[in-house]
Amino acid sequence: MNLQDRLSTVEHRIREACGRCGRSEEEIQIIAVTKYTTMETVEQVLLSGIGHVGESRTQEAQSKWEAFHPRGTWHFIGHLQTNKVKDVIGKFEYIHSLDRLSLMKEIEKKAADLNIVVNCFIQVNVSGEESKQGLSPEALFSFAQEVSRMKQIRVVGLMTMAPYELDAEATRPVFRELKRLRDELNIRDIFSYPVEHLSMGMSNDFEVAIEEGATWLRLGSVLVGKEAHES
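Residues numbered from 1 in each chain as written. Predicted model: local features only at pLDDT ≥ 70, side-chain atom pairs only at ≥ 80, totals over all residues. Heavy atoms only, no water.

A. Spotlight on the packing of aromatic side chains. If you walk through the whole model with that rule in mind, you get 5 aromatic pairs. An angle of 85 degrees between the planes, with centres 5.9 Å apart, marks the rings of Phe76 and Phe92 as edge-to-face. Of this pair, Phe76 sits in strand E3 (residues 73–76) while Phe92 sits in the loop between helix H4 (85–88) and strand E4 (94–98), and the two are 16 residues apart along the sequence. Across the pair, exposure class does not vary: Phe76 and Phe92 are buried alike. Look at Tyr94 and Phe121: their rings are 6.4 Å apart centre to centre, the planes differ by 45 degrees, and that puts the pair in the tilted class. One end of the pair, Tyr94, is in strand E4; the other, Phe121, is in strand E5 (residues 118–123), with 27 residues separating them in the sequence. (Phe/Tyr/Trp six-rings, centres within 6.5 Å; stacked < 30°, edge-to-face > 60°. Helix = DSSP H or I, 4+ residues; strand = E, 2+ residues; numbered from the N terminus. Buried < 20%, exposed > 50% of the residue type's maximum accessible area, 1.4 Å probe, protein only.)

B. Broad picture of the pairing of strand E1 (residues 29–33). Among the 5 residues that make up E1, 4 are buried, leaving the element largely enclosed by the rest of the structure. Looking at chain direction, E1 and strand E8 (residues 216–219) are connected through 4 bridges and run parallel. Residue pairing for E8: Ile31 is matched across the bridge by Arg218. Across 2 bridges, E1 lies against strand E2 (residues 52–55) in parallel orientation. For Ala32, the partnering residue across the bridge sits in E2 and is Val53. Chirality of the crossover, the property in question, places the unit of E1, helix H2 (residues 39–47) and E2 among those that are right-handed. (Pairing = 2+ DSSP bridges. Right-handed = clockwise from strand over helix to strand, strands pointing away.)

C. Here's a closer look at helix H7 (residues 172–187). Between its terminal C-alpha atoms H7 stretches 23 Å, which fits the 22 Å expected from 16 residues at 1.5 Å a residue. If you check which residues of H7 are buried, you get Arg172, Val174, Phe175, Leu178, Leu181, Arg182 and Leu185. Structurally, H7 contributes buried residues whose contacts are with helix H6 (140–147), strand E6 (153–159), strand E7 (197–199) and helix H8 (206–211). (Expected span 1.5 Å × (residues − 1). Contact = heavy atoms within 4.5 Å.)

D. Geometry of unusual backbone geometry. For the bond running from His69 to Pro70, omega is 10 degrees, close enough to zero to count as cis. If you trace the backbone, Pro70 turns up in the loop between helix H3 (58–68) and E3. One non-glycine residue, Tyr36, adopts positive backbone phi at about 75 degrees. Mapped onto the fold, Tyr36 is located in the loop between E1 and H2. Here the phi dihedral of Asn115 falls at roughly 55 degrees; this positive angle occurs in a residue that is not glycine.

E. Local environment of the side chain of His96. Relative to the elements of secondary structure, His96 occurs in strand E4. Within polar-contact distance, the side chain of His96 engages the side chain of His75 at 2.8 Å. Not counting chain neighbours up to four residues away, the residues in contact with His96 comprise Ile31, His75, Phe76, Ile77, Phe121, Gln123, Met159, Ser199 and Arg218. (Polar contact = N/O pair within 3.5 Å; in protein donor to acceptor, adjacent residues only side chain to side chain.)

Here it is, written out as structure tokens:
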């Protein structure tokens, strides 16, 4: 199956999931996760009409961005080391992994140097797995208060990774909790604007994520093939 066939299958599954929960397909954005893929695969993704590309390793991400920008909108979806912020800021329009004060301060500093505002998702470790990055749910609101003071960071949503489950239904509580946290964030009016988005759902569980409110899906293997990794 080639990329176009896989995309058609994914789009059909998205339509079916939206139909089950009364949502519109227009609410859902696909990020093609091209981590570990070849330059040729990225080229195919961009030619297919998928406008959003996700990378999570700074060195590899930078080389791909340099090869293909200004085509596509670029998302940095992996753990971002503070000393690598300089390699991402100004290139990647979205950062999905804001999860600590030191990273926040470095993004703010580097973005101020470039006089830009960076769209960020706050990463929350809803499942509590030690292997996963992100804030604990209990730490989200105090962290959000700190971020709200930053002038160069715009929080557009929350992000999480569910545990890998053979039965995708088992991921539902994780996605449901992230949506609850997003809604609570807005009720508390911490930011001067609504935090709209939920970056959640990968190849094995994206339909459940849609049913629980996902607006951005990070799709690797189901879309670009087995070479991709979504985390």
